[in-house]
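Tertiary structure, described
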Amino acid sequence: MTDHDIERLEQDIERQHAHDRTVRTRTARTTPIVQAAVAACAVAGVVLGILALRDRPAPAPSGPPPVPTSQLAGIWRLDDGSGWLWRFTPDGKLLQSRSPDLLTATVPSDASAVRPAPGGFVVQDPADDPACVGSWTATISTEGRLVAREPDETGACPGDNGVVDPPAAPWLLTRVSPVSAAGAAIVPGKTVWQPRAVRDPAFLTGTWLLRGTGTLLTVDASAAYAVQDLGTGGGAVTGTVAVGTDGTVTFTPKGSTSCPATYASATYSETQLDIALATGSCGRLGGSTDSWVRLN
């Protein structure tokens, strides 16, 4: 290798070193700039995200869900001591009565129709103006209590008396059949006179709930009775009731006169009926000793 070749090699090495120093210098200068740019973009993204969330409309609060007819189906006691019972049929009809007839009553053609609606249900009376749809707000608790409020009356849709009445208090009801936790907890109210022996079927007239169950017993003025638990899926057992001179009470089902339910004793008050099954009785309404609560 000549001196000229050595000199040229040293110059190439010096140029390479100078190039490397330049690259390192540029990298050192540009890295903070790039990092700052990335950070600025991240901050800008966060700010834009916050502004977008602020500008986005808040979701509307969801109201109470509709009350389906499957939850309403059954017989409910109005919890004001009036004796009124409401029966919602599975196909969406409403019957109201304070007589012992809801187990056997035929649904009239002009019965109010009930259907689910947001926040409750709609009650439509065929006799009302079709434009006046009664949207009730309603909720049913897991214990079987119904709180229902009628829609406010207006000049275009006044009440039955044609006058716009002030908003009514909510209706409070307890489902008695099928059985509910609230219905099973119903107990007889206070009595004025002491229990006495049943001496006539007329003493049994009314609607009775077998305590702790969903079984209902109705006895009308003609001594016709019906017994049914709407939660069992079977129809009402109907027949006639008679009281013997010895105080025995016999419920004879229609079509099965050979197997009556005979009770050796029966005592009643304004709010309660207690009966004890006779030895050898073929049929029974409940157990061997039953306590019934008067509903009306």
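The notes below deal with the structure included here.

About the cut-offs
- Residues numbered from 1 in each chain as written.
- Predicted model: local features only at pLDDT ≥ 70, side-chain atom pairs only at ≥ 80, totals over all residues.
- Heavy atoms only, no water.
- Buried < 20%, exposed > 50% of the residue type's maximum accessible area, 1.4 Å probe, protein only.
- Helix = DSSP H or I, 4+ residues; strand = E, 2+ residues; numbered from the N terminus.
- Pairing = 2+ DSSP bridges.
- Disulfide = S-S within 2.5 Å.
- Salt bridge = Lys/Arg side-chain N within 4 Å of Asp/Glu carboxyl O.
- 1 Å grid on protein atoms, 1.4 Å probe; cavity = no way out; pocket = protein on both sides within 12 Å on 5 of 7 lines; lining within 4 Å.
- Points joined across faces, edges and corners; volume = space filled by probe spheres on them.
- Nonpolar A, V, L, I, M, F, W, Y, C, P; charged D, E, K, R; others polar.

**Comments concerning the pairing of strand 16 (residues 272-277)**
On a regular strand, one side chain projects to one face of the sheet and the next to the other, so that they alternate. Where burial is concerned, the two faces of strand 16 differ: the one with Leu273, Ile275 and Leu277 is buried and the one with Gln272, Asp274 and Ala276 is not. Of the strand pairs in this sheet, strand 15 (residues 261-268) and strand 16 are connected by five bridges, and their pairing is antiparallel. Opposite Ser265, over in strand 16, you have Ala276 as the bridge partner. Where strand 15 hands over to strand 16, the hairpin turn is made up of three residues, counted between the paired strands.

**Re the state of the cysteines**
Per the stated rule, a full pass over the model turns up two disulfides. Between the sulfur atoms of Cys132 and its disulfide mate Cys157 the distance is 2.1 Å. Since a negative S-S torsion denotes a left-handed disulfide, the Cys132-Cys157 link at about -85° is left-handed. With Cys132 in the loop between strand 5 (120-124) and strand 6 (134-140) and Cys157 in the loop between strand 7 (145-149) and strand 8 (171-177), this pair connects stretches of sequence that are 25 residues apart. Across a sulfur-sulfur distance of 1.8 Å, Cys259 and Cys282 are joined as a disulfide pair.

**Remarks on the pattern of salt bridges**
Within the structure shown, the criterion is met by one salt bridge. Residue Asp79 pairs with Arg77 through a salt bridge whose shortest N-O separation is 3.0 Å. By relative accessible area, which is 24% here, Arg77 ends up partly exposed.

**Quick look at the layout of surface pockets**
Volume-wise, the second largest pocket comes out at about 230 Å³. Forming the boundary of the second largest pocket are 15 residues, of which Arg77, Gly81, Gly83, Arg294 and Leu295 lie nearest the centre. Going through the elements one at a time, strand 1 (74-78) and strand 17 (289-294) are the ones with two or more residues in the lining of the second largest pocket. Here the residues of the lining of the second largest pocket are counted per class, giving five nonpolar, five polar and five charged.

**Observations concerning unusual backbone geometry**
Following Ser177, the chain continues to Pro178 via a peptide bond in cis, the omega torsion being 0°. Looking at the element boundaries, Pro178 is found in the loop between strand 8 and helix 3 (181-184). Of note, Ala223 is a non-glycine position whose phi angle comes to about 70°, a positive value.

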